[in-house]
Amino acid sequence: MRVHLCVVGRLRAGPERDLVDDYLKRFDRTGRALGLGPARVTEVDDRKGGGMAAEADLLRRALPSGARLCVMDERGRQMPSPDFAQRLGRWRDGGTQDLAFVIGGADGIAPDLRAEADMALSFGQMVWPHMLVRVMLTEQLYRAASILAGSPYHRA
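All of the points below concern the structure found in this document. (Residues numbered from 1 in each chain as written. Predicted model: local features only at pLDDT ≥ 70, side-chain atom pairs only at ≥ 80, totals over all residues. Heavy atoms only, no water.)

1. With respect to the sheet that holds strand S1 (residues 2-8)
Backbone-to-backbone hydrogen bonds join strands into a sheet, with any given pair of strands oriented parallel or antiparallel.
No. 1: Across the sheet, which stays open at both edges, the five strands sit in the order S2-S1-S4-S3-S5 with parallel pairing between neighbours. One side of each edge strand has no neighbouring strand; the edge strands of this open sheet are strand S2 (39-44) and strand S5 (119-121). Across the sheet, the mean angle separating the axes of adjacent strands is 30° when strand polarity is ignored.
No. 2: Note that strand S3 (residues 68-77) and S5 share four bridges and pair parallel. Residue Met72 lies in a different strand from S5, and its bridge partner there is Leu121.
No. 3: In this fold helix H3 (residues 81-93) packs onto S3, strand S4 (98-103) and S5, with an angle of close to 135° to the strand it touches most, S4. (Pairing = 2+ DSSP bridges. Helix = DSSP H or I, 4+ residues; strand = E, 2+ residues; numbered from the N terminus. Axes fitted to C-alpha atoms, helices over the stretch in contact; angles between N-to-C directions. Contact = heavy atoms within 4.5 Å.)

In structure tokens form, the structure reads like this:
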């Protein structure tokens with residue numbers, strides 16, 4: 001199951017990018033034997049200032065055809081890491097070929113795009129900067145692959 005992160009904004013060189021790259025590399029290495037990955041990031045940027053609606057259009061164009069859609073949203077479902085791992089495993093085992101995670105811009109995700117999602121996932125009720133959400137999501141993807149592989153990385 002290929003994993004896509006479709007995100008608003010460009011992540012510049014720096015500590016956040018280093019963390020994202022590291023966790024994606026770990027996810028790809030761990031997930032490969034499990035039928036997870038590769039993972040790739042597609043960045044979109046609304047240079048015309050069209051707001052959430054314009055960002056949603058750009059994000060839709062970045063989504064692979066037929067992909068299962070999970071939006072990152074503070075109103076979404078919160079779940080422990082083992083449950084997230086099980087969800088990924090069920091989607092993979094159910095034949096999902098492409099899984100796309102969408103991270104919106106500063107104003108979030110347009111309601112119509114959010115309504116199209118198969119799942120909305122939250123890292124808590126607090127609002128996180130979208131650049132940090134990338135780091136947290138990539139770490140959770142790696143953690144999920146580690147859990148599914150039976151690795152000791154996750155100690156719960």
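There is more to say, and it comes next.
2. Here we look at the packing of aromatic side chains
No. 1: Going through the model one piece at a time under the given rule, you end up with three aromatic pairs.
No. 2: Geometrically, the ring pair formed by Phe84 and Phe101 is tilted, given 6.2 Å between the ring centres and 55° between the ring planes. In this pair, Phe84 is assigned in helix H3 and Phe101 in strand S4, connecting sequence segments 17 residues apart.
No. 3: You can call Phe101 buried: its relative accessible area is 0%.
No. 4: Among the aromatic side chains, those forming a connected cluster through ring pairs are Tyr23, Tyr142 and Tyr153. (Phe/Tyr/Trp six-rings, centres within 6.5 Å; stacked < 30°, edge-to-face > 60°. Buried < 20%, exposed > 50% of the residue type's maximum accessible area, 1.4 Å probe, protein only.)

3. A few points about the layout of surface pockets
No. 1: In this model, the largest pocket occupies a volume close to 330 Å³.
No. 2: Looking at the largest pocket, it is lined by 21 residues, and the ones nearest its centre are Met72, Asp73, Glu74, Val127 and Trp128.
No. 3: Secondary structure elements with two or more residues in the lining of the largest pocket: S3 and helix H5 (130-149).
No. 4: At four residues, S3 tops the list of elements feeding residues into the lining of the largest pocket.
No. 5: Its residues assigned to classes, the lining of the largest pocket shows ten nonpolar, six polar and five charged. (1 Å grid on protein atoms, 1.4 Å probe; cavity = no way out; pocket = protein on both sides within 12 Å on 5 of 7 lines; lining within 4 Å. Points joined across faces, edges and corners; volume = space filled by probe spheres on them. Nonpolar A, V, L, I, M, F, W, Y, C, P; charged D, E, K, R; others polar.)

4. A look at the nonpolar core
No. 1: By size, the foremost hydrophobic cluster in this structure holds 30 residues, and its most contacted members are Phe27, Phe84, Leu88, Phe101, Leu137 and Leu141.
No. 2: It is H5 that provides the largest number of residues to this core, a total of seven residues.
No. 3: In this view, Leu88 contacts Met1, Leu99, Phe101, Leu141 and Ala144; residues no more than four positions away in its chain are not counted.
No. 4: By size, the runner-up hydrophobic cluster in this structure holds 15 residues, among which are Val44, Leu63, Leu69 and Val102. (Core = buried A, V, L, I, M, F, W, Y, C linked by side-chain atoms within 4.5 Å.)

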